[in-house]
Amino acid sequence: MGITVALLALGLVLLYLFLSIKIVRQGFQYTIEHFGRFTTVARPGFNFYPAFFYRVGRRVNMMEQVIDIPGQEIITRDNAMVSTDGVVFFQVLDAAKAAYEVSDVFVALQQLTTTNLRTVMGSMDLDETLSKRDEINARLLNVVDQATTPWGVKITRVEIKDIRPPADIVNAMGRQMKAEREKRANILEAEGSRASEILRAEGQKQARILEAEGRKESAFRDAEARERAAAAEASATTAVSEAIEKGGVQAINYFIAQKYVEAIGKFATSPNAKTILFPVEATQLMGTLGGIGELAKEAIGSQAKPQAAAKPAQPAIEERRGPFELPPQ
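The shown structure was predicted, so the numbers you read here are calculated from the model rather than taken from an experiment. (Residues numbered from 1 in each chain as written. Predicted model: local features only at pLDDT ≥ 70, side-chain atom pairs only at ≥ 80, totals over all residues. Heavy atoms only, no water.)

(A) Representation of the packing of helix α3 (residues 105–122) against helix α5 (residues 133–148) within the structure. Closest axis-to-axis distance for the α3/α5 pair is 10 Å, and the angle between their directions is 140°. Judged by the inter-axis angle, α3 sits oblique to α5. Considering how the two elements wind past one another, α3 and α5 form a crossing that is right-handed. Of α5, the residues touching α3 (which contributes L109, L112, T113, N116, L117, V120 and M121) are I136, R139, L140, V143, V144, A147 and T148. Within the contact of α3 with α5, the residues separate by chemical class into ten nonpolar, three polar and one charged. (Axes fitted to C-alpha atoms, helices over the stretch in contact; angles between N-to-C directions. Helix = DSSP H or I, 4+ residues; strand = E, 2+ residues; numbered from the N terminus. Parallel < 35°, antiparallel > 145°, perpendicular 65-115°, else oblique. Left-handed = near helix turned anticlockwise from the far one by under 90°. Contact = heavy atoms within 4.5 Å. Nonpolar A, V, L, I, M, F, W, Y, C, P; charged D, E, K, R; others polar.)

If you want it as structure tokens, here you go:
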């Protein structure tokens, strides 16, 4: 009988010890209550609190968690109805406050985020709600985080998942976007046409300038050529005059005969001439050629030694002269 009682007492002691040991998993914290009053927080690991005197009040998850914000209808400042939803990321920093400062932290966070989401988006126009999601997220994060600080909860992120305007507004926005893009295309096309016209006008201007400069250079060179031709003609005239002064009338006969022969040669080479009529007699042409020969003889005789004194004087014989030769003086 005594052994049975001892075994029973030993079993009761082991059961009491087993009930007094509290093993807390990593990522959690337990609140410990002494006869219903909070006393301490059990950290992850082995903890020993006498049973019947101490009990676990709340098991608080200390890891970062997420709450889904259900979709809701929100009226914007310009009276547009939009549907939106989102998510909230939070983490419990103080297990005691999260357990005893608010009844249900999940429900409280959900309701708090929903009401503040209506407030933030209701103070903005439709275009702002669609284009300024980062601003909405930042404002929600600031408001909700300040409200949850007394609960020992830290709001890490607030994200808007989707914003859905009504179908008619979506169609109107599509037409507006199309009109805006067509406007940009027309503006770009007009700017391109203007730039093309400007470049074309600049090119024509430059072409006219270069053409005028070319005409100026050409006129200058033509004038220079005429000036040089006139100078050459004057030099030739001077040379002929000097030759006439030195060589007598035979030089004139030479140049006239040369021009005469060139003129007759042009008659002969004309492609349209079937019959050639000479304005002068053939004997006159032969006389002209004879005058050219006399001129050549005089040039050769001027280079030879003078022999007129050694030979006896002979009677002058009148030679046949050309039509352009002058009679002897």
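(B) Looking closely at the side chain of Q29. Inspection of the secondary structure puts Q29 in strand β2 (residues 28–34). Separated by 3.2 Å, the side chains of Q29 and R43 make a polar contact. If we skip the residues at most four places from it in the chain, Q29 touches V24, V41, A42, R43, R58, R59, V60, M62 and A95. (Polar contact = N/O pair within 3.5 Å; in protein donor to acceptor, adjacent residues only side chain to side chain.)

(C) Layout of the side chain of Q65. Mapped onto the elements of the fold, Q65 is located in strand β6 (residues 65–75). The exposure class assigned to Q65 is buried, which follows from its relative accessible area of 14%. A polar contact of 3.3 Å, which involves the side chain of Q65, links it to the backbone oxygen of N61. In contact with Q65, not counting residues within four places along its chain, are V88, F89, F90, V92 and F106. (Buried < 20%, exposed > 50% of the residue type's maximum accessible area, 1.4 Å probe, protein only.)

(D) Layout of the sheet that holds strand β8 (residues 153–164). If you walk across this open sheet you meet the three strands as β6-β7-β8, and the pairing is antiparallel. For this open sheet the edge positions go to β6 and β8, each flanked by a neighbour on one side alone. When the angles between neighbouring strand axes are averaged without regard to direction, this sheet yields 20°. Sheet analysis places β6 next to strand β7 (residues 81–92), joined by nine bridges and oriented antiparallel. Each bridged residue has a counterpart across the sheet, and for E73 the counterpart in β7 is S83. Helix-sheet contacts for α3 involve β6, β7 and β8, and the interaxial angle to β6 is about 35°. (Pairing = 2+ DSSP bridges.)

None of the figures reported here should be taken as evidence of function without further support.
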